[in-house]
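So you can see what is in the structure, the chains are spelled out below.
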Amino acid sequence: MADFLEYSSISSEIRGAMCPGKLKMTDTAIVFKSDKTGKVEQINANDIELLNYQRFVGSFGLRVFLKNGSLHRFLGFTGDEAKIADFVKKNYKLDMLEKELSMRGWNWGAVHFKGAVLSFDVENKTSFEIPLNHVSQCNVGKNEVTVEFHRNDDAPVSLMEMRFHIPTSESADIDPVEAFQENVMKQASVISVSGDAIAIFREIHCLTPRGRYDIKVFQTFFQLHGKTYDFKIPTSSVLRLFLLPHKDNRQMFFVISLDPPIKQGQTRYHFLVTLFQMDEETNIELPFSEEELKEKYEDKLTKELSGPVYEVLGKIMKVIINRKLTGPGSFIGHSGTPAIGCSFKAAAGYLYPLERGFIYVHKPPVHIRFEEIASVNFARSGGSTRSFDFEIELKTGTVHTFSSIEKEEYSKLFDFISSKKLHVKNTGGKASYKDDFADSDNEGEPDAYLARVKAEAKERDEDDDDGSDSEESTDEDFNPNQQESDVAEEFDSNVESSSDSDEDGSGGGGSGSGSDADREKKREKKKEKKEKIKEKSPKKKVKEPREKKSKKSSKTKDANAPKRPATAFMLWMNATRDQIRKDNPGLSITEIAKKGGELWKDLKDKKDWEAKAAKAKENYSEAMAAYKASGGGASTDNGKGEKRKKASSTTPRKADVSSQMTGSGFKSKEYIEDTSSSDGSDDDAKKKSTKKAKETENDKKSTGKKKSKKSESESEMSESEEEDDDMSEGSD
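Residues numbered from 1 in each chain as written. Predicted model: local features only at pLDDT ≥ 70, side-chain atom pairs only at ≥ 80, totals over all residues. Heavy atoms only, no water.

1. Structural notes on the overall build of the chain
In terms of regular secondary structure, the chain is built from 18 helices and 31 strands. For the chain, the proportion of contacts with a sequence separation of at least 24, taken over those separated by at least 6, is 47%. Per element, the accessible surface of the chain, about 46,500 Å² overall, is 48% carbon and sulfur. (Helix = DSSP H or I, 4+ residues; strand = E, 2+ residues; numbered from the N terminus. Contact = heavy atoms within 4.5 Å. Areas by Shrake-Rupley, 256 points an atom, 1.4 Å probe, with all protein chains shown as cover.)

2. Some thoughts on the environment of Ser189
Residue position: Ser189 is located in the loop between helix 2 (176–187) and strand 15 (199–208). When its relative accessible area of 25% is taken as the criterion, Ser189 is described as partly exposed. Taking the C-alpha atoms as reference points, Ser189 and Pro234, separated by 45 residues in sequence, lie 8.7 Å from one another. Excluding residues within four positions of it along the chain, Ser189 makes contact with Leu132, Asn133, Val135, Ser136 and His150. (Buried < 20%, exposed > 50% of the residue type's maximum accessible area, 1.4 Å probe, protein only.)

3. Description of helix 11 (residues 568–583)
The α-helix winds at 3.6 residues per turn, so residues separated by three or four positions along the chain end up facing the same way. End to end, helix 11 covers 22 Å across 16 residues, agreeing with the expected 22 Å (1.5 Å per residue, within 8%). Remark: the principal bend of helix 11, roughly 50°, maps to Thr576. Along helix 11, the residues that are buried comprise Ala568, Trp572, Met573, Thr576 and Ile580. (Expected span 1.5 Å × (residues − 1). Bend = angle between axes of the 7 residues up to and from the residue.)

4. Section: the packing of aromatic side chains
One pass over the structure, following the stated rule, counts 30 aromatic pairs. Seen in terms of ring centroids, Phe358 and Phe416 are 6.3 Å apart; in terms of plane orientation they differ by 70°. Their pairing is edge-to-face. Note that Phe358 is positioned in strand 27 (residues 357–361) and Phe416 in helix 5 (residues 410–419), a separation of 58 residues in sequence. Just as Phe358 is buried, Phe416 falls in that class too. Here the aromatic cluster, defined as three or more aromatic residues joined through ring pairs, consists of Phe331, Phe358, Phe370, Phe378, Phe388, Phe390, Tyr410, Phe414 and Phe416. One residue, Lys24, lies across the ring of Phe4, its end atom 4.8 Å from the ring centre. (Phe/Tyr/Trp six-rings, centres within 6.5 Å; stacked < 30°, edge-to-face > 60°. Lys NZ or Arg CZ within 6 Å of the ring centre and 35° of its normal.)

5. Comments concerning a negative patch on the surface
Where like charges cluster on the molecular surface, the negative patch consists of Glu290, Glu291, Glu292, Glu295, Glu298 and Asp299. Residue placement: Glu298 occurs in the loop between helix 3 (290–297) and strand 23 (304–308). (Patch = residues over 30% accessible without salt bridge, like charges linked within 9 Å, V, L, I, M, F, W, Y side chains within 5 Å. Salt bridge = Lys/Arg side-chain N within 4 Å of Asp/Glu carboxyl O. Lys, Arg positive; Asp, Glu negative; His and termini not counted. Charge placed at Lys NZ, Arg CZ, Asp CG, Glu CD.)

6. Notes on the packing of helix 11 against helix 12 (residues 589–602)
Two quantities define a packed helix pair, namely the angle between the axes and the distance from one axis to the other. Two numbers describe how helix 11 lies on helix 12: the axes approach to 10 Å, and their chain directions differ by 115°. By crossing handedness, the relation of helix 11 to helix 12 is classed as right-handed. Here Ala568, Phe569, Trp572, Met573, Arg577, Ile580 and Arg581 of helix 11 lie close against helix 12, whose contacting residues are Ile592, Ala593, Lys595, Gly596, Gly597, Leu599 and Trp600. Of the residues contributing to the contact of helix 11 with helix 12, the split by class is nine nonpolar, two polar and three charged. (Axes fitted to C-alpha atoms, helices over the stretch in contact; angles between N-to-C directions. Left-handed = near helix turned anticlockwise from the far one by under 90°. Nonpolar A, V, L, I, M, F, W, Y, C, P; charged D, E, K, R; others polar.)

7. So, the pattern of salt bridges
The tally for this structure, following the rule as stated, stands at 17 salt bridges. Residue Glu13 is joined to Arg73 by a salt bridge in which the shortest nitrogen-to-oxygen separation is 2.7 Å. Placement of Glu13 in strand 1 (residues 5–14) and of Arg73 in strand 7 (residues 71–77) is noted, with a sequence separation of 60 residues between them. Among the ionic pairs, Lys22 bridges to Asp35, the shortest N-O distance being 3.3 Å.

8. Notes on the sheet that holds strand 24 (residues 325–326)
Pairing between the strands of a sheet comes from backbone hydrogen bonds, and it takes one of two forms, parallel or antiparallel. The strand order across the open sheet formed by eight strands is 18-17-16-15-21-20-19-24, and the pairing between neighbours is mixed. This sheet does not close on itself; its edge strands, each paired only once, are strand 18 (230–234) and strand 24. In this structure, strand 19 (residues 238–245) lies alongside strand 20 (residues 251–264), joined through seven bridges in antiparallel fashion. Note on strand 20: the bridge partner recorded for Phe242 is Val255. Together, strand 15, strand 16 (211–217), strand 17 (221–225), strand 19, strand 20, strand 21 (267–277) and strand 24 form the strand contacts of helix 4 (residues 309–321), whose direction differs from that of strand 15 by roughly 105°. (Pairing = 2+ DSSP bridges.)

9. Some points on the sheet that holds strand 12 (residues 135–140)
Read from one edge to the other, the open sheet built from three strands follows the order 12-13-14, with strand pairing classed as antiparallel. Sheet topology places strand 12 and strand 14 (161–165) at the edges, where each strand pairs with a single neighbour. Sheet twist, expressed as the average angle between the axes of neighbouring strands with direction ignored, equals 15°. Packing of helix 2 onto the sheet brings it into contact with strand 12, strand 13 (144–149) and strand 14, and relative to strand 12 it is tilted by some 165°.

10. Some remarks on the environment of Asp86
Turning to its location among the elements, Asp86 is positioned in helix 1 (residues 81–91). Taking C-alpha positions, Asp86 is 8.6 Å from Met96, a pair spaced 10 residues apart along the chain.

11. Things to note about the side chain of Thr274
Its location among the elements puts Thr274 in strand 21. A polar atom in the side chain of Thr274 sits 2.9 Å from the backbone oxygen of Phe254. Other than its neighbours up to four places away in sequence, Thr274 contacts Ile204, His205, Cys206, Met252, Phe253 and Phe254. (Polar contact = N/O pair within 3.5 Å; in protein donor to acceptor, adjacent residues only side chain to side chain.)

12. Concerning helix 1
Residues of helix 1 that are buried include every one of Ile84, Phe87 and Val88, and no others. The buried residues of helix 1 occupy one face: seen down the axis, they fall within an arc of 95°. Considering only its buried residues, helix 1 is in contact with strand 1, strand 2 (17–25), strand 5 (48–56), strand 6 (59–66) and strand 7. Immediately downstream of helix 1, the backbone of Lys93 shows phi near 60°, a positive value. (Arc of directions from axis to C-beta.)

13. Digging into the packing of helix 11 against helix 13 (residues 607–629)
Contact geometry for helix 11 and helix 13: axes closest at 8 Å, N-to-C directions at 115°. Classified by the interaxial angle, the pair formed by helix 11 and helix 13 is roughly perpendicular. Regarding helix 11 and helix 13, the two cross each other, and that crossing is right-handed. Here Ala568, Leu571, Trp572 and Ala575 of helix 11 lie close against helix 13, whose contacting residues are Trp609, Glu610, Lys612 and Ala613. Residues belonging to the contact of helix 11 with helix 13 are distributed by class as follows: six nonpolar, no polar and two charged. (Parallel < 35°, antiparallel > 145°, perpendicular 65-115°, else oblique.)

14. Topic: the confidence of the model for the chain
Parts of the prediction with low pLDDT should not have their coordinates interpreted in detail. Looking at the chain as a whole, the pLDDT averages 76, with 70% of positions reaching at least 70. Averaged pLDDT values over the elements of the chain bottom out at 42 in helix 8 (residues 486–491) and peak at 94 in strand 27. For residues 705–711, every residue scores under 50 in pLDDT, and the model assigns this stretch six contacts once sequence neighbours within four places are set aside. (pLDDT = per-residue confidence, 0-100.)

15. Concerning the side chain of His134
Assignment of secondary structure puts His134 in the loop between strand 11 (125–131) and strand 12. Beyond its immediate chain neighbours, meaning those up to four positions away, His134 contacts Glu13, Arg15, Gly16, Glu148, Phe149 and His150.

16. Description of the nonpolar core
Phe201, Phe222, Ile256, Leu286, Ile316 and Met317 are the most contacted members of the largest nonpolar core, which has 39 residues in total. For this core, the leading source of residues is helix 4, giving nine residues. Sequence-distant contacts of Phe201, that is, excluding residues within four places in its chain, are made with Tyr213, Asp214, Ile215, Val217, Ile284, Val309, Val312, Leu313 and Ile316. Ile340, Phe358, Phe378 and Phe388 belong to the second largest nonpolar core, which has 26 residues in total. (Core = buried A, V, L, I, M, F, W, Y, C linked by side-chain atoms within 4.5 Å.)

Given below as C-alpha cells:
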C-alpha cells in the first residue's frame, strides 16, 4: 500500500464553479492545489468527520465533511473507489460510504441544517446541498425565505437566488420562517461591520485602486474606506501577500493578491497595491489580552507593535489572514536592488524575479508562477542596442512581453533563469548581451543576433527546398527566351541594347528562330516601326540628362609620411583612460569616451597638456618639411584630373542631343565620353550621320511618304550634321 495517492485531473467546487487542479491524499492530510491560482488548500486528517463518495456520469466524487461544519467536494475520480476506501480506512480510520441522492425530482421536502450546510431531503435522501458560506444575503417574507448567493465570474452559469416556501402553523411557539433565516445567517458569508477593528491604518496611499484609503483590519475581513468607495474584503479571498522594495530604496510596495477580485463598476481588481515611505513609522496597541493573543495567535503577535508602517501592516495581515508574506528572492540586479525597470503594455513599472515566480508592479499588476511558464525569450527592443525585451510564454499560449530593459541586466537575469531551470528559446547555453545583441552602431563588430536569425532562416529554407523538389513544376506561361513583343519595343527606353543582344545571338529573338537572313529581316521591320512611331509623335523638347557627379577618388595613405600629432585632449585621454575604467566599472568604450569628455571639460589646469600638444605639432611640422624635401608625398595627377572634369562637364550634352535627333536612342555616359575625347571624331561623326540619312531616305521611299516630310527629315539631318561638326570642332 502506497503512503499517498495522487490524482492530476480533479476539480474542486469553489463558489459554484468547478476549479481544476491536483489532489494528493497522504496519511496526515488531503491537499488540493488549484491550476489557475496555485492556491494550496489543505485538510488535516484529524479535522475530517465524515467522508463519502458520490456517483456521477462517468466518474465519482468525494464529499469531505469537517468537524467545524464546512463541506468540501471533489469531482473527477475515474479509478477504483475501493482503493481510496482502503486508504481512508487505514490512514484516517473512517469508513467511506456512498452518499445516495434522491432521483425523484420533487420540489417539496424537508430542510436540515448540519454545520454550514443546508440539505434538502426527499424521502430521507438528499436532493441537493447548499454550503452556507456561498450565501450573501437572506431575506424573509410572510411564508417565504429568499436566499441570495455570491456571484462567481469564472462560472459559466451562476445561481443567484433560491426561494423556499415555508408553511406556518399557529400551534408552533417559534416562527419557522424566522428560524430558517436565523440558521442561514449564522453560517452565511455576510460581511457586516460589528465590533471594533483590530487595527486601523489612516490615509494609506493606494495605487490600485487609486486613491487614499483607511485600512481597517477585522477578524474575518478587512475594509478599505475611502472618500468615494468602500471595499469589504473577506480574509478567505486573499491568496498571497508581497512586500517588495522600490528601486529607489526609499519606498516599499505592499501587494495583496485576491481571488475573487474586488469590483468597482465593471472593473475588477485582482491585486491591491499600496505604497509606503520607508521612514514613516507607527505605534499600535491591539485590543487583546495576553491570554487571547497566546490562545488565538500562538504568540505570533504582541500587544504593542511599533516600527515602519509597512512592516506593522504586513505582520498583522500575515497572522490574521494566515498567509505567507513573500519578499524578493536572491536576485539582485545591476542597480543593486531586486527590481528591474521595464515597460509592460503602455506603462512603465518594475519586474521582480521571486523564488517561485515573477511579479510586475504596477499597471496592471501581473503575477506569474514558474510552473505556469512554458518558455522565456530574450529579444531585441525595437532595433535599439541599449535595451532588450523579456518575453514569458505561458503553457496556455499567452505571452507577456516586458520591454525596454537595460542591457546591463541581461547577464544577471540570464543567470537567474538558468538557476531556476526555465527553458530559454533560441540559445544553447550561457550567453552574454554582447553575444546576442552586439552593438550594431560599431561597424567593426559583427551583429551576432542578426547572424543567428539568418542561420535559422537558412535552415528553414533548406528544409523547404528538400521537401519541395519532387513537387516542383514549370510555368508554361513564362518563357524568358520568347521573342519580345511589339508593345515592349514601343515603350522600352533601352531598345538599342535589346537589338544589340539579338545581334550577338544571346537575345530572346535570335535563339532558334532560323537563318541569318530571317533575323536581318526582323531587325529591318523593327527599325521601320520605330521610324513610323517617331514621325507620328509630336516633337518634344529633348531634356538633357544631368551628368552624375563623379565619386571622389579615395586618397591612398602614404605609409612613410610622418604621423599627425595628437591633440591636448587625446594626450590627456590616453594617460587617464585606464583610471576612468577602474573608477567606473562596466562602462562601454563609448561611455568611457563620453565620461572622459566631461572630465576634460571640468579640468581647470590644461597648460601642461597644451604645451605637450604644441611641442608634438612643432615636431610634426619639422618632420613633414624634411619628408617633402626628400621627395616624399609628390602628386601623381599632374593636372590631368582637372582637364578631364572640364571636358566631361562641357561635351556630353551636345553629344546627347545629336544622338537623340538622329534617332539612335539614348546612349550611356561612357559612350559619350569616349566619342567626345577620342581623336578623329569629326570623320566618324560625318560617316555615321550620312549613313543614317541614307537609311531614313530608303525607309521613306519604301513607305510612300510625301516629299514635304522627306525634305523636313533631310533638313533635320543636315542640322544634326552641323551640330556634329560643331561638336567635333569643339573637341579638337
